[in-house]
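Spelled out from the first residue to the last, the chains are:
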Amino acid sequence: MPKNNNKKKNIAIGAGVALAALLLGAASYSATKPDEPSSVTAKEESPSDVSADPQAGVYPELAKLARRDAKDPLSQGRKDAPVVLIEYADFKCGYCGKFARDTEPGLVKKYVDDGTLRIEWRNFPIFGADSESAARGAWAAGRQGRFWQFHEAAYAEGSKEKGFGGERLKELAKEAGVKDIGRFSDDAGSASAKAAVKKDQEEAYGLGATSTPSFLVNGRPISGAQPDEVFDQAIEQAAKSAGAGDK
């Protein structure tokens, strides 16, 4: 009997992920990611070419992707916050930078600081070697508790145009306040960094995501750097559904 229950659960999760793939703008859904990122039609998802209706479907199965690990340096907000926003993004993505500069700080002030929201970052490098290097550098900065500072520096206006080569990553790490640059470089080039980035990347591919940024808000897919009000509505509706009440 337990075996049958597990089978039903897996079928339900698969159905939820398939539907999410459609909402994330994928042309088709496949349970298997492409062999290489280069085989994906990578693009930046703009607000103008995607629908993110706050009334769109919510899939409880997808909410389970939230890790809620109190020690996760790529997250911010309370572990037990009623709402979790998962972001799949690339440091070479211009719209990801727009979200990081124009929208995310407001979400932190309005919802993270009051305990409503937790933000969990997932590295989703889809624009080649520079993207991969930046992702590993961000992970390495997180090993010294400076991920979000690195995130801010990497998404600053004009930063991505300078590339993310080895020396540039060190500059960003210093700007982010990473204390041990030697350790940072070792961590960024390590097998552990590669594995951590690959794990996040495969999670995004499994959802059918082919563009950045892509988001889940308590299991509600949102694609693109949407206007602030789209995220406000999704977060507030999720908070109400979770029993947090009106803000």
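Above: the structure in question.
All of the points below concern the structure found in this document. Treat the numbers as computed from the prediction; the structure is a model and nothing was measured.

## Quick notes on the overall build of the protein
Helices and strands together make up the secondary structure of the protein, namely 9 helices and 7 strands. Considering only contacts within the protein whose residues lie at least 6 apart along the sequence, 79% involve residues at least 24 apart. Total accessible area on the protein is roughly 11,700 Å²; 49% of this is exposed by carbon and sulfur atoms.

## Concerning the pairing of strand β6 (residues 214-217)
Two faces belong to every sheet, and in a regular strand the side chains alternate between them. The side-chain alternation of β6 yields two buried faces, one formed by S214 and L216 and the other by F215 and V217. Relative to β6, strand β3 (residues 83-89) is paired through 4 bridges, and the arrangement is antiparallel. When the sheet's bridge partners are listed, Y88 is paired in β6 with S214. Sheet analysis places β6 next to strand β7 (residues 220-223), joined by 4 bridges and oriented antiparallel. Following the sheet pairing, S214 is matched in β7 by S223. Taken together, β6 and the strand that follows it, β7, pair antiparallel across an intervening segment of 2 residues, in which N218 is found at a positive phi of about 50 degrees.

## Here we look at the environment of G243
For G243, the location among the structural elements is in the segment after α9 (228-241). Considering only alpha carbons, one finds G243 and P82, 161 residues apart in sequence, at a separation of 7.9 Å.

## A closer look at the side chain of S190
The residue S190 is located in the loop between α7 (181-188) and α8 (191-206) in this model. A relative accessible area of 19% places S190 in the buried class.

## Focus on the sheet that holds β6
Pairing in this open sheet of 5 strands is mixed, and the strands run β2-β4-β3-β6-β7 from one edge to the other. Each edge of the open sheet carries a strand with a single partner, namely β2 (75-76) and β7. Sheet analysis places β3 next to strand β4 (residues 117-123), joined by 7 bridges and oriented parallel. Across the sheet, the residue bridging to I86 is E120, located in β4. Each of β2 and β4 touches helix α5 (residues 147-154); the most contacted strand, β4, lies at about 65 degrees to it.

About the thresholds
Residues numbered from 1 in each chain as written. Predicted model: local features only at pLDDT ≥ 70, side-chain atom pairs only at ≥ 80, totals over all residues. Heavy atoms only, no water. Helix = DSSP H or I, 4+ residues; strand = E, 2+ residues; numbered from the N terminus. Contact = heavy atoms within 4.5 Å. Areas by Shrake-Rupley, 256 points an atom, 1.4 Å probe, with all protein chains shown as cover. Buried < 20%, exposed > 50% of the residue type's maximum accessible area, 1.4 Å probe, protein only. Pairing = 2+ DSSP bridges. Axes fitted to C-alpha atoms, helices over the stretch in contact; angles between N-to-C directions.

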